Protein chains: 2
Amino acid sequence: MLQGHGDDTYDHPGIRSNFSSNIFPHADLTGLKAHLQGKLDLIERYPEPEPHSLEEVIARKHGISSDNVLVTNGATDAIYLIAQTAAKSHHTHFNVGPLPTFREYEDACRMFGLAQVNGCDGSKKAVHTILWLCNPNNPTGDLYLKAELEDYARRYGLVVIDQSYEDYTLEPVMSHQEAAASRNIVQLHSLTKTYAVPGLRIGYVVAPQPIITRLRENVRPWAVNALAIEAGIWLMENDVCVLQDLKDLKDPKDPKDPKDPKDPTLPQSHSGLRALLAETRRLREMLNQIPGITAAETQTNFFLVEMASKTAAELKDHLAQKHHILIRDASNFRGLTPQHFRISTQYPDENTCLADAIREFMLL
Amino acid sequence: MLQGHGDDTYDHPGIRSNFSSNIFPHADLTGLKAHLQGKLDLIERYPEPEPHSLEEVIARKHGISSDNVLVTNGATDAIYLIAQTAAKSHHTHFNVGPLPTFREYEDACRMFGLAQVNGCDGSKKAVHTILWLCNPNNPTGDLYLKAELEDYARRYGLVVIDQSYEDYTLEPVMSHQEAAASRNIVQLHSLTKTYAVPGLRIGYVVAPQPIITRLRENVRPWAVNALAIEAGIWLMENDVCVLQDLKDLKDPKDPKDPKDPKDPTLPQSHSGLRALLAETRRLREMLNQIPGITAAETQTNFFLVEMASKTAAELKDHLAQKHHILIRDASNFRGLTPQHFRISTQYPDENTCLADAIREFMLL
């Protein structure tokens, strides 16, 4: 397991602005919390050994069969379950999408004895290889084209597409139905990210039924907490939009933005997301105006930043101690350097404070 | 994973008396629930990747180092983690204590490719074998003598002692310190059972430090929910006694019982437990008076019952439908028959109702 993750507020008490997690942390979860307050008696009973009730709600909502859905103790639990099952299904090798990407894929595969493909250009058939793609990709915010994904699925034995951040982009991603109807695609989803409840641990897999059946053989019973199951069902049925309160956010630098977040024809979630992505553009532009700072392109609410001098570890310490701001030191992503950090867009005033604090730090 | 567990109230709505779980389900958890109501904001933040804060509280309470403690997503998660780690540490075989016993040990070992020892009388050295003992044993309520445990530890490579039900017996069990100071003992504990919170999923392992280190290499990050960590810390610090409200229970058939549950020299937990075990004796005696019913000896609050005719499945259906009573059909424990069921003692009036209902069923 990698040491040094984002959202490490447990090590940094007193943080006021948290840019370190990819989740937009200002969701209004009042309704969910009120619901859970009335359901605390659930702690006194065993949960279902496997959370089939939540699987059925997810399947119904996305128009697929519950034979295509498997709920796990967070998406990370699913990553380890998939690696374990692949190792037992004669997959001897693994590969991951272009670096940097989420580290747990690699760690999970090595835990179960899979070897990384070596010197393979990815163009040959690799039937015994499992390929892991994160779409949108953590930490870059990049997206794969649909044609690319289809090409990978033709060439690899098994392709995992981690769509944990699917609700933080306006670009098209693969649908639940497409994964369910595929031959060899295992799609990961994270209720943690969709509904901004990382403390609860709820993720799920969508895949063709024979793959779900094999995965179930390696599931540990009672792995999903009773309150997490209850919360998952409530969130799916009430379809809470975590970006709802952003709908009035606008890019202050572009008041005539044709993608008007107030456009009444857009669903509320899109309206809030457009506002968040516009604010992401504004934050990136502010950062790119700081000498020695390069904020990379992104198609989501989070992105990488590279410093010409000093280290992300120094910046992280400085921001936490002086400004009560938390960022993600990204130097432990394979393919990155000690000069890389990752941030996710927050409210406009927080973003302006962050840019000011980084400008000040670079002049120290 | 075994199909058909106890506490399956999710499949039997409307149950009024639940004898199917080994946990005494009448604990007063008002304080914990009030605490959690004020902590629901925890769902908005990632938990610690590994719950070290809870590990430290447990270690302090039991006078051992936190290097000897590993908290898991329920004790069942620990069983799979131990099997996985044993398989990677050159343990090729497993064995379990006398049947019947908890099924997950065997399932976990087979999942990770360990083979059951075959035709072994258990008297030879078995350095590559992991032995699983449940103490007190589920489903029989039997206990191992300390000398027996020490003998096993000398002969087997690794000995797992599952003490999930340690707080439901007055007989001595191995201490945390003894396991921490051992060479090859891995001890399992279940906050689920100790504090009657099976919905939350909190268990832990106590073992020598080198074994804990190897186990940590196979831990999945963020496996323990933020509310479970918070509840675990609160329960340990407040030392809730789940049998407290039983302290005035007495065996009505033996008012002069020398082990008086009101004895002021006994700690409250012992006082409540003595009352529960006395009531267990009364329930067993009532059942043994029913023609065709044999209730086995036990040293805890749960025990096996065998029917001379009819099946446990039929009895379970009858009791659930006619009396809103849930029992554990124990026929899927290896070594038992379709005539076996398991019950755990409840309040006296519930126990009397159960005996009456079974007597009626046997006459049908």
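Residues numbered from 1 in each chain as written. Chains lettered and ligands numbered in written order. Predicted model: local features only at pLDDT ≥ 70, side-chain atom pairs only at ≥ 80, totals over all residues. Heavy atoms only, no water.

### As for the overall build of chain A
In terms of helices and strands, chain A carries 12 helices and 13 strands. For chain A, whose C-alpha radius of gyration is 21 Å, the value lies close to the compact-globule estimate of 21 Å for 364 residues. Dimensions of chain A, computed from the C-alpha atoms along their principal axes, are close to 55 × 55 × 40 Å. Per-residue burial for chain A yields a buried fraction of 62% across its 364 residues. Long-range pairs, those at least 24 residues apart, make up 75% of the contacts in chain A between residues at least 6 apart in sequence. When the accessible surface of chain A is totalled, it reaches about 14,000 Å², and 50% of it is carbon and sulfur. Placing the 37 positive and 47 negative side-chain charges of chain A at their respective mean positions leaves the two points 3 Å apart. (Helix = DSSP H or I, 4+ residues; strand = E, 2+ residues; numbered from the N terminus. Rg over C-alpha atoms; globule rule 2.2 N^0.38 Å. Buried < 20%, exposed > 50% of the residue type's maximum accessible area, 1.4 Å probe, protein only. Contact = heavy atoms within 4.5 Å. Areas by Shrake-Rupley, 256 points an atom, 1.4 Å probe, with all protein chains shown as cover. Lys, Arg positive; Asp, Glu negative; His and termini not counted. Charge placed at Lys NZ, Arg CZ, Asp CG, Glu CD.)

### Thoughts on the sheet that holds strand S7 (residues 185–190) of chain A
All names here are of chain A. Sheet architecture is open: seven strands sit in the order S2-S8-S7-S6-S5-S3-S4, paired in mixed fashion. At either end of the open sheet lies a strand with only one pairing partner, and these are strand S2 (69–72) and strand S4 (115–116). As paired elements, strand S6 (residues 156–162) and S7 share four bridges and run parallel to each other. Within S7, the position partnered with Ile 161 by the bridge is Gln 187. Helix H3 (residues 75–88) contacts S2, strand S5 (126–134), S6, S7 and strand S8 (203–206) of the sheet and is inclined by roughly 160° relative to S7. Against the sheet, helix H5 (residues 146–155) touches S5, S6 and S7, its axis set at about 145° to S6. (Pairing = 2+ DSSP bridges. Axes fitted to C-alpha atoms, helices over the stretch in contact; angles between N-to-C directions.)

### As for the side chain of Thr 280 of chain B
Position of Thr 280 of chain B among the secondary structure elements: in helix H10 (residues 268–288). Apart from residues no more than four positions distant in its own chain, Thr 280 of chain B is found in contact with Thr 298, Thr 300, Asn 301, Phe 303 and Thr 345 of chain B.

### Considerations on the packing of aromatic side chains
All names here are of chain A. Counting across every chain of the model gives 14 aromatic pairs over all chains. Aromatic pair Tyr 46 and Trp 222: ring centres 5.7 Å apart, planes at 55°, arrangement tilted. Linking Tyr 46 in the loop between helix H1 (30–37) and helix H2 (52–62) with Trp 222 in the loop between helix H8 (209–216) and helix H9 (226–238), this pair joins segments that are 176 residues apart in sequence. Accessibility classification places Tyr 46 together with Trp 222 in one group, the buried group. Cation over ring: Lys 310 sits above Phe 361, and NZ or CZ is 4.4 Å from the ring centre. (Phe/Tyr/Trp six-rings, centres within 6.5 Å; stacked < 30°, edge-to-face > 60°. Lys NZ or Arg CZ within 6 Å of the ring centre and 35° of its normal.)

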